[in-house]
Amino acid sequence: MEETATRIKELRGILNRHNHLYYVLNEPVISDQEFDHLMKELETLESDFPEYYDALSPSQRVGNDISQEFVQRDHKFAMLSLGNTYSKEDLADFDIRIKKLTENQFSYICELKFDGVAISLTYQNGRLAYATTRGDGIRGDDVTNNVKTIKSIPLVIRDKGVPEYFEIRGEILMPRDGFEKMNQERIANGEIAFANPRNSASGTIKMLNSKEVARRPLDCYLYLLAGEKLPANTHIENLKHARDWGFKVSQHMEQASNIESVYKYIDYWQSEKSTLPFDIDGIVIKVNETEVQEELGFTAKSPRWAISYKFPADQAETILDSVDFQVGRTGAITPVANLQAVLLAGTTVKRASIHNEDQIQQLDLFLGDTVLIEKGGEIIPKIVGVKKDKRPIIAMQVQFIKYCPECKTKLVKISGKAKHYCPNAGQCPPQIKGRIEHFVSRKAMNIDGFGTETVDLLFQQGLIRNVADLYTLKVEDMLGLPGLGKKSILHLLDSIQKSKIVPFQRVLFALGIRFIGETVAKKMARSIFSMEELLASSKERLLEIEEVGDKIADSFLIHISIPENLEIIQRLTDHKLQMESDMRNTSLSEVLKEKSIVVSGVFESMSRNELKQLIEHHGGKNISSISKNTSYIVAGKNMGPIKLEKANNLGIKILTEQEFLDILEDKNS
Ligand code: IVH
């Protein structure tokens, strides 16, 4: 027993060290195979001797499938943001401001401004206690399980000099190469690509399934140590200590004794940023000396001792060759510019989006124009200007089309909306194919082996015209089709069969009804337990569902008023897809039958969503605003004063969390 404990401890130490060598220092000393071998040994011991379980063991970085709702956590030190500047003049003002406020000597530390998502890590006795997102700066979401999967973050720190309690702040980001690779895989799987590494990092860290997070190539750079007993009295020394404790701290920090040196650092990184493996969107300048920092203090929003300088968006000039008009899954028409290839922020650009007709008119675009393109937040850049002086003498103005480029139907434009639509939803090929691609995608029916090309092929062959046709596909229909071997056909059919166990909420999402995304579908399925009941629901009933407003309710009702759509739903039901929510079976009691309940504030023992689920499982109905028909209000901490007043005026009973739980208990026994 003693020996086992020692070996487990030893293995954890060895694996932690190799993780650090590999993910932080980039200097692995053993092969992946050797690493896996040691990990296997640890996993075997841990599973044979569960009494030695430790949530921070290196074996616990793989995440799990348990879907979690995040608990909110207060920040001990508020997570402030930085003031932004865009010019050297602004920075000169910052420098003057500081010199007016302090007599002390000080220097600046220049750092990269990582373009990811902020995180605060709390360590107690050398162990990661929790990881919290910025949230509103005062409190954020506890995302510890997701953060644990990032291998460059130490879970346990061995160094003797570590303060008993400290917080370290930094940025979670996705390096560009990992991002590109992940996006290619997503596209191949028929999933939607992420727009940029930042969105992808922030989307990933908020995912409910930590096992999926573990598959995403996240990294984390730390840039601020916070706590009452820090090891040094300068920012840079504190970060160097953090580096010694195993954190990833950028090697590109530089000390600057005056503002001119800061400008040099800025100029350097403005031109060299594409040589970094990750995106930065500017530079951060911080006063180095803790004493001076304290003297300068904070404004309501940000420290006076630090500021960021944001780089201007990358721009490039090129020639507009032609304009294509693309038809999306919903029939929306998007003009896309074909450009002469040009280098922009490290990538070659050949296409740019021009959102709609108004944009074409505003830019006053002609074919052959020299255009200015800019990288914004989206995947493809946009055209932001035209060099009219460079326009060829004979040039044709870009005209918006009148008919669908795919099915030749006359386009429609709803007044007040910017986009044109092809109304031929039932027959227009890209709309049909788009709906099928959405249906098979991972978050919907998760039908594996069904990329864009396969959908294209089966559509061209006339084998699938809508999503219900998938369930009548046969081996003999597909044998002999180009690029589809027998093995892939069998795999495809197998995945289609397996999709029949996908839960109702995802089937609902998979139907691709406008405005009914993943979250709304989930809410609908939690409130109305079957397709049959949904189809029979009135608008009023739909509006009672959390997050469902006029727009969503109307969209659903319009969708099911179309006979073709109803027929598809009927066929999917006949093919035994899940058309009932498993929520029905989780009904625990009828204690709250016919009770309309408003939930407000923050709760101790569960998240607000969990509480709402509990209400539904006990037969109650969640409503969002207080009226005379409200039966109870369950009030947690920080219930808004306006709600409180309204409740008192109407004489509605207010229950504490405990009183509410007591009601459920009583009737259960
Ligand atoms: S320091 C109290 N340093 O920029 C100052 N922030 O508004 C705390 N960021 O979302 C911030 N790189 O996540 C600091 N080297 C760096 C940074 C950095 C990126 C982000 C930060 C926050 C925003 C500041």
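In what follows, the structure referred to is the one given above.
The rules behind the values
- Residues numbered from 1 in each chain as written.
- Predicted model: local features only at pLDDT ≥ 70, side-chain atom pairs only at ≥ 80, totals over all residues.
- Heavy atoms only, no water.
- Pairing = 2+ DSSP bridges.
- Helix = DSSP H or I, 4+ residues; strand = E, 2+ residues; numbered from the N terminus.
- Contact = heavy atoms within 4.5 Å.
- Axes fitted to C-alpha atoms, helices over the stretch in contact; angles between N-to-C directions.
- Near = heavy atom within 4 Å.
- Polar contact = N/O pair within 3.5 Å; in protein donor to acceptor, adjacent residues only side chain to side chain.
- Areas by Shrake-Rupley, 256 points an atom, 1.4 Å probe, with all protein chains shown as cover.
- Nonpolar A, V, L, I, M, F, W, Y, C, P; charged D, E, K, R; others polar.
- Phe/Tyr/Trp six-rings, centres within 6.5 Å; stacked < 30°, edge-to-face > 60°.
- Buried < 20%, exposed > 50% of the residue type's maximum accessible area, 1.4 Å probe, protein only.
- Salt bridge = Lys/Arg side-chain N within 4 Å of Asp/Glu carboxyl O.
- Patch = residues over 30% accessible without salt bridge, like charges linked within 9 Å, V, L, I, M, F, W, Y side chains within 5 Å.
- Lys, Arg positive; Asp, Glu negative; His and termini not counted.
- Charge placed at Lys NZ, Arg CZ, Asp CG, Glu CD.

K.L.:
Explain the sheet that holds strand S21 (residues 653-656) to me, please; I cannot follow it from the model alone.
P.N.:
The strands that make up a sheet pair up through hydrogen bonds in the backbone, lying either parallel or antiparallel. Pairing is parallel in the open sheet, where 4 strands are placed in the order S19-S18-S20-S21. The open sheet terminates on both sides in strands that have one partner only, identified here as strand S19 (621-622) and S21. Strand direction decides the pairing type here: strand S20 (residues 632-635) and S21, joined by 4 bridges, are parallel. In the strand pairing of S21, alanine 635 is matched with threonine 656. Relative to strand S18 (residues 596-600), helix H22 (residues 608-617) is tilted by about 170 degrees, and along the sheet it contacts S18, S19 and S20.

K.L.:
Just to check I follow, could you spell out the site of the ligand for this structure?
P.N.:
Inspection of the region around the ligand gives Ser81, Leu82, Glu111, Leu112, Lys113, Phe114, Ala118, Glu171, Tyr223, Val284, Lys286 and Pro303 as its neighbouring residues. A distance of 2.4 Å separates an oxygen atom of the ligand from a polar side-chain atom of glutamate 171. Contacts to the ligand include tyrosine 223, whose side-chain N or O atom sits 2.7 Å from an oxygen atom. Relative to its unbound accessible surface of 520 Å², the ligand loses 88% to contact with the protein. Counting only elements with at least two residues in the shell around the ligand, the list comes to strand S3 (108-114) and strand S10 (280-287). Element by element, the count of residues in the shell around the ligand is highest for S3, at 4 residues. Its residues placed into classes, the shell around the ligand shows 7 nonpolar, 1 polar and 4 charged.

K.L.:
Would you explain the packing of aromatic side chains in this entry?
P.N.:
Two numbers describe a pair of aromatic rings. These are the distance of the centres and the angle of the planes. For the structure shown, the criterion picks out 16 aromatic pairs. Ring plane angle 50 degrees and centroid distance 5.0 Å describe the contact between tyrosine 221 and phenylalanine 278, whose orientation is recorded as tilted. A residue pair is termed long-range when its members are at least 10 positions apart, and tyrosine 221 in strand S8 (residues 219-226) and phenylalanine 278 in the loop between helix H9 (259-272) and S10 qualify at 57 residues. When its relative accessible area of 12% is taken as the criterion, tyrosine 221 is described as buried.

K.L.:
Before we go on, may I ask you to explain the pattern of salt bridges in this structure?
P.N.:
Side chains bearing opposite charge may pair, as long as their charged atoms lie close to each other. All told, the structure shown has 37 salt bridges when counted by the stated rule. Among the ionic pairs, arginine 176 bridges to aspartate 279, the shortest N-O distance being 2.5 Å. With arginine 176 in helix H5 (residues 176-188) and aspartate 279 in the loop between H9 and S10, this pair connects stretches of sequence that are 103 residues apart. A single salt-bridge network, built from bridges that share partners, covers Glu212, Arg215, Arg216 and Arg442.

K.L.:
Honestly, the environment of leucine 463 in this entry has me stumped. Any pointers?
P.N.:
Along the chain, leucine 463 turns up in the loop between helix H13 (452-460) and helix H14 (475-478). Between the alpha carbons of leucine 463 and lysine 474 there is a distance of 9.6 Å; along the sequence they are 11 residues apart. For leucine 463, the residues in contact, after removing those within four places along its chain, are Leu458, Asp469, Leu473, Asp477, Met478 and Leu481.

K.L.:
Would you mind showing me how to read a negative patch on the surface here?
P.N.:
A contiguous patch of negative charge on the surface is contributed by Glu103, Glu291, Glu294 and Glu295. Considering the arrangement of structural elements, one finds glutamate 103 in the loop between helix H3 (88-101) and S3. Classification of glutamate 103 as exposed rests on a relative accessible area of 81%.

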